[in-house]
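Structure at a glance
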Amino acid sequence: NLIAALRAAGISQSDLAKRVGCSRSAVSDYACGGKLPRRGMLERINDALGVNLSTTRPISVRDFARDVGKGAETIRRGAKQGAFSGLCAAVASKNGKRHSFVVFPEKYKELVNANA
């Protein structure tokens, strides 16, 4: 999800637009799903964010907590503090209380093994 990847990277839509050479409104369209980026643009976005959005998948806190044998609240606190490399917390609400979590697939097995 582009929105979660932007938040996890600490980059605004405007900053990403400048980095990849498109308009902020195009990035907004990509982020909300109104428009799909062409392959070359997707590659530039992936390079700018250091992710592969075609293979990045969202994962719930509950699933990750189950996989590592810890409580969901422990995982939430740890992710917000950056304790899990590869598990990024992104604020998903204006009040800052809800977070979405994104795990990069190449890191998932490593995270589970390191934290189990």
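Residues numbered from 1 in each chain as written. Predicted model: local features only at pLDDT ≥ 70, side-chain atom pairs only at ≥ 80, totals over all residues. Heavy atoms only, no water.

**Some points on the overall build of the protein chain**
Inclusion rule: Secondary structure elements are taken from DSSP: a helix is a run of H or I of four residues or more, a strand is a run of E of two residues or more, and numbering for both begins at the N terminus. Type-normalised accessible area, obtained with a 1.4 Å probe on protein chains alone, sets the label of each residue: buried when under 20%, exposed when over 50%, and partly exposed for intermediate values. Throughout, a residue-residue contact means that at least one pair of heavy atoms, one from each residue, lies within 4.5 Å. Note that accessible areas follow from Shrake-Rupley with a 1.4 Å probe, and for residues the cover is restricted to the protein chains shown.
Of regular secondary structure, the protein chain possesses 7 helices and 3 strands. Written out in order from the N terminus, the α and β elements of the protein chain read α-α-α-α-β-α-α-β-β-α. Burial status across the protein chain gives 35% buried among its 116 residues. Partitioning the contacts of the protein chain with sequence separation of at least 6, the portion at a separation of at least 24 is 48%. Put simply, the protein chain shows about 7,000 Å² of open surface, and 46% of that area lies on carbon and sulfur atoms.

**Some thoughts on helix H4 (residues 39–49)**
Spelled out, the test is: The directions considered for the arc are those from the helix axis to the C-beta atoms.
Turning to H4, its buried residues number three or more, namely Met-41, Ile-45, Asn-46 and Leu-49. For H4, the angular spread of buried residues about the axis comes to 140 degrees, placing them on one side. Opposite the buried face of H4, by more than 90 degrees, sit the exposed residues Arg-39 and Asp-47. In this fold, the buried residues of H4 make contact with helix H1 (2–9), helix H2 (13–20) and helix H3 (24–32). Positive phi shows up at Gly-50, right after H4, with a value of about 70 degrees.

**A few points about the nonpolar core**
The following threshold applies: Nonpolar cores were defined as sets of buried Ala, Val, Leu, Ile, Met, Phe, Trp, Tyr and Cys residues, with membership established by side-chain atoms within 4.5 Å.
Leu-2, Leu-16, Cys-22, Ile-45 and Leu-49 are the most contacted members of the largest nonpolar core, which has 17 residues in total. The set of elements that each furnish at least two residues to this core consists of H1, H2, H3 and H4. In terms of residue count, the dominant contributor to this core is H3 (4 residues). Not counting the four nearest positions on each side in its chain, Leu-16 is found in contact with Leu-2, Leu-6, Ile-11, Val-27, Ile-45, Ala-48 and Leu-49.

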